[in-house]
Structures are given as C-alpha cells and as structure tokens.
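Architecture at a glance
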Amino acid sequence: MSEKNLGKQADFEKALEIGRPPNVAKLFPNSRALIVSGKYIDRAMFAKGNAISMAANGRNNFVIKGALRAAQRANAAIIIEIAKSEGGSNAYCAVNYWNIARQVDALCNEMDITIPVAIHADHYGIKNSADIEAAKMEIPTLFEAGLTSIAIDASHLPDDQNLLANLELNPFVPQWAGLETEVGEIKGTAGLSTVEEALFLIQGLNAHDIFPDWIALNNGTTHGIEASDEGIQIDLTAQIHAALANYNISGAQHGTSGNSSDRLRAIAAQTRTTKANVATALQMISWGLEVNDYGNAILDDAGNFIKVKDQGVTEEMWAEMIAYAQAQELKGGNYKKLNLPFENKLLGQAQPIRERMVKRVEDFVYNMLVNVLNAQDTALLTIEAILAAGTYDPGPKATRIEDPAEWTSEKIIRRAETIVSDKGPEGDFDD
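The rules behind the values
- Residues numbered from 1 in each chain as written.
- Predicted model: local features only at pLDDT ≥ 70, side-chain atom pairs only at ≥ 80, totals over all residues.
- Heavy atoms only, no water.
- Buried < 20%, exposed > 50% of the residue type's maximum accessible area, 1.4 Å probe, protein only.
- Helix = DSSP H or I, 4+ residues; strand = E, 2+ residues; numbered from the N terminus.
- Arc of directions from axis to C-beta.
- Contact = heavy atoms within 4.5 Å.
- 1 Å grid on protein atoms, 1.4 Å probe; cavity = no way out; pocket = protein on both sides within 12 Å on 5 of 7 lines; lining within 4 Å.
- Points joined across faces, edges and corners; volume = space filled by probe spheres on them.
- Nonpolar A, V, L, I, M, F, W, Y, C, P; charged D, E, K, R; others polar.
- Salt bridge = Lys/Arg side-chain N within 4 Å of Asp/Glu carboxyl O.
- Pairing = 2+ DSSP bridges.
- Axes fitted to C-alpha atoms, helices over the stretch in contact; angles between N-to-C directions.

**Overview of helix 14 (residues 339-347)**
Taken together, the buried positions of helix 14 are occupied by N339, F342, E343 and L346. In a view along the axis of helix 14, the buried residues occupy a sector of 130 degrees, so they form one face of it. In this structure, the buried residues of helix 14 make contact with helix 4 (61-74), helix 12 (280-287), helix 13 (315-327) and helix 15 (351-372).

Okay, structure coming up:
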C-alpha cells in the first residue's frame, strides 16, 4: 500500500475511533461503519462549497444498499433517512426509525463501506399538543436505536406554535446530533415560505441557544410525483437563505424527485443548501419503473406507471403489486403504500433480481452525487473535520445573537400575530 493510501487508512481508523457518537458506539461496538452526526455531513458540503449531500429515504432495503454503494463509488458523505410517515409508529414502510440504523450498519460492514454516513429521522411531524407529549418519550428512543440526526417538523402549526414546539422538544435531542427545523409545509406553490416566517423561527431558536444545522422551506416543490415543471423557486430560496446568513444555517431541500437536474445544480450553486431529500424517485427506480433523468416516474396515456422489462422487480411481482394497488384503490404517489406489504416478498426474490434492483439505485444515486449535487470526495472532508475537532461533536455553527428576554413565550405569541403569511390548503404533506 502506498504512503498516501496508508495515510488515508490511518485517518479512517482514527475517525472510526473518535467520530462515532455514543449511541452508535454502544449499539455497534465492533462495527467498522463510520456512522456520524448529521452536523459533520453539513460541514463537509459547506467546506467543499456549492455541494449538497443526498438524503436518501430508505423506503426499502434495496434503496439503502444502492445509495451506500453509490456514495462509496463517489467517495461522498451521505445521509440515509426515513420520515415519520414512512417509518414511524404508523408506518407504510418496513424500514423504520428503529431498524434503519441496524440496516445501515449491517450493510456498511457487509460491503466494506468506508464513507461517513449520517442516519436522519426526517419529518418528525408535530401537529398538536398530544404529538408533543408523545414525542418527549419517543424521540429519545430514536437515538437509542442509532439515529444521528433529526428534523423536528412542526410546520403544520401556526408560526408561534411551531417555534414553541421546537423549544419544548429540543431538550430531548442530543446536543451532538444534526438538527433540522422547518417553516412552511412542503406543498408546492401553495403556502410558500417567507423571509419573515423563517427569521421568526430561527431568531426565536437562537435566543434560546438552539442552532439548527438546516432549515427546510416550502419553496415551490412537492413530495411524491411532481405533476408540473414549476418546481423549486430558486430566487425565493436564495432570498431566505441570505436573510438567515447571520445565523449560519444551511438549507434542506425537500421534494427533489420532481425537479430537473439543472434546477438542482442551480440550487447548489446559488443557495446555502447542503441537504437534498430524494425519496419517491429511489423507490420507483428500485422497482424498475421508467423515470426521466431526475427520477420522476413517467406515466402512460392512461396514467399508469411504465415498467421497464427486465429491470427492477420481476414482471410477475410487478403484476402482483399492481393487483394489490388496485384492490386497495392506490394510485400515483400512494403506490408508496406498497412498501410495507411487499418488502419481504421483494427480499424473497432471486439474487440476480435483488442485485439489479440495487444496481439501478446505485447508478442513479452515483450520477446525482457526482454530476448534479457536486458531492464527490466529500467523504475526505468529513473525515478531516472529525480529526480536526477530535470528537464526535463538532459543536454548533452559530452563536447566540438574539436577546432571550425578547423571546419569552408571551412575546413569541404576540410577535407571531404580526406575521402575514399564507399557509396554503390543508392536506397530507407528511413525506
């Protein structure tokens, strides 16, 4: 082995020793998977500049495996995540908050994956006071199960309640963990986020010594299958990120499956985005459906998905999936609900079929990491950051600049009354 490679190996070994958070080290004491805080992934993208980590929603085991293999090929740090709707207590996927870290760890060791990986609880949704009380018990269990990052998503609530929910739940999130917050539900061109809303949330958190790594916005995109080509509003995103510059927070881009590669490149180049969620695209690709260049499923004239012959699942399995969907009256984006009843059936297919499912995901993710998101070689930057910090916790990026006396509960409620915003229609916007 060359001296250079020996140096890289030594750096990896040291990062493995000091970079894994306590929960990960306790759960997987003999593991060689470099599972790290989401904070480090954000910092690596920022250090490279105009780079975004893919946050791959692991709706099935094939997606997780393919995404990890792609990241290894690209030498890119990556985030593997699952949302509350996908993998919470009322999930539609077999992969969930409590087993995703075990799957990631096992696959990393199986495939000799050496790039840094964060494991993120996406869209931990809070919609009412009962959700807050339940979360106080449940959030600690997510970290006990090996997660290293979380998105507290109270964007369904009015602005004051969103902020107050974040404040109330923050003590249950480890200080070392990656933290994402959200203003505005992700619902397309309806209910777009504003500078005023974003500043209100981040300033209020800052006053209480809470410094999120990411903020997610409703900037014009949607979850699931994107029906229009409107997509991400780049100017709006850049405007909000610029207004938040003093708070040193990065952007988290949701709903990327419905946006072209050019638009995602522009988001990387023109905004402070360092995290991009990809969910529906990876599910569809693993199944073998026809997609466009950025992973949005293509429908035929009758509105049905198009299965690519000899790609993804077997033709017989796809026919069974369609029959089940029809019996359950599932259409379009709601095909996501096939994940739970079919995971074991898909894992029970012959090895060549399983491999082509994984390979299809791998090739798609690799192309995005290298040619769209500019994430290639960020694995090295992540390891360098761990070694420089000498610990699993890099600490916050920001410092308190707001006066806590101006952000009491009473003043938060009064301030929120002056915010003018359009939250958009009610609906199911959880993914």
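Moving on from the model shown.
**Description of the layout of surface pockets**
Of the pockets and cavities examined, the second largest pocket occupies roughly 310 Å³. Looking at the second largest pocket, it is lined by 15 residues, and the ones nearest its centre are K8, Q9, F12, L380 and I383. Broken down by element, the lining of the second largest pocket gets its largest block of residues, 6 residues, from helix 1 (residues 3-18). Its residues assigned to classes, the lining of the second largest pocket shows 6 nonpolar, 6 polar and 3 charged.

**Quick notes on the pattern of salt bridges**
Counted under the stated rule, the structure contains 22 salt bridges. Note that K39 and D213 form a salt bridge whose closest N and O atoms lie 3.2 Å from each other. Here D213 lies in the loop between helix 9 (195-207) and strand 6 (214-217) and K39 lies in helix 3 (residues 38-48), a separation of 174 residues in the sequence. There is no split in this pair, since K39 and D213 are both buried. For R69, the salt bridge identified is with E355, shortest N-O distance 3.0 Å. Of the two residues, R69 is situated in helix 4 and E355 in helix 15; the sequence distance between them amounts to 286 residues. Residues joined by salt bridges that share partners form a network here, namely R69, R73, E355, K359, E362 and D363.

**What about the sheet that holds strand 8 (residues 273-278)?**
Here 8 strands make up a closed barrel; going around it, the order is 1-2-3-4-5-6-7-8 and the pairing parallel. Along the sheet, successive strands turn relative to each other by an average axial angle of 25 degrees, direction set aside. As defined by bridge partners, strand 5 (residues 178-183) adjoins strand 6 across 4 bridges and the pair is classed as parallel. Looking at strand 6, one finds that V183 is bridged to L217. Packing of helix 3 onto the sheet brings it into contact with strand 1 (53-57), strand 2 (78-83), strand 3 (117-125), strand 4 (149-153), strand 5, strand 6, strand 7 (250-253) and strand 8, and relative to strand 8 it is tilted by some 120 degrees. Sitting on the sheet, helix 6 (residues 100-111) is in contact with strand 2 and strand 3, with an inclination near 160 degrees to strand 3.

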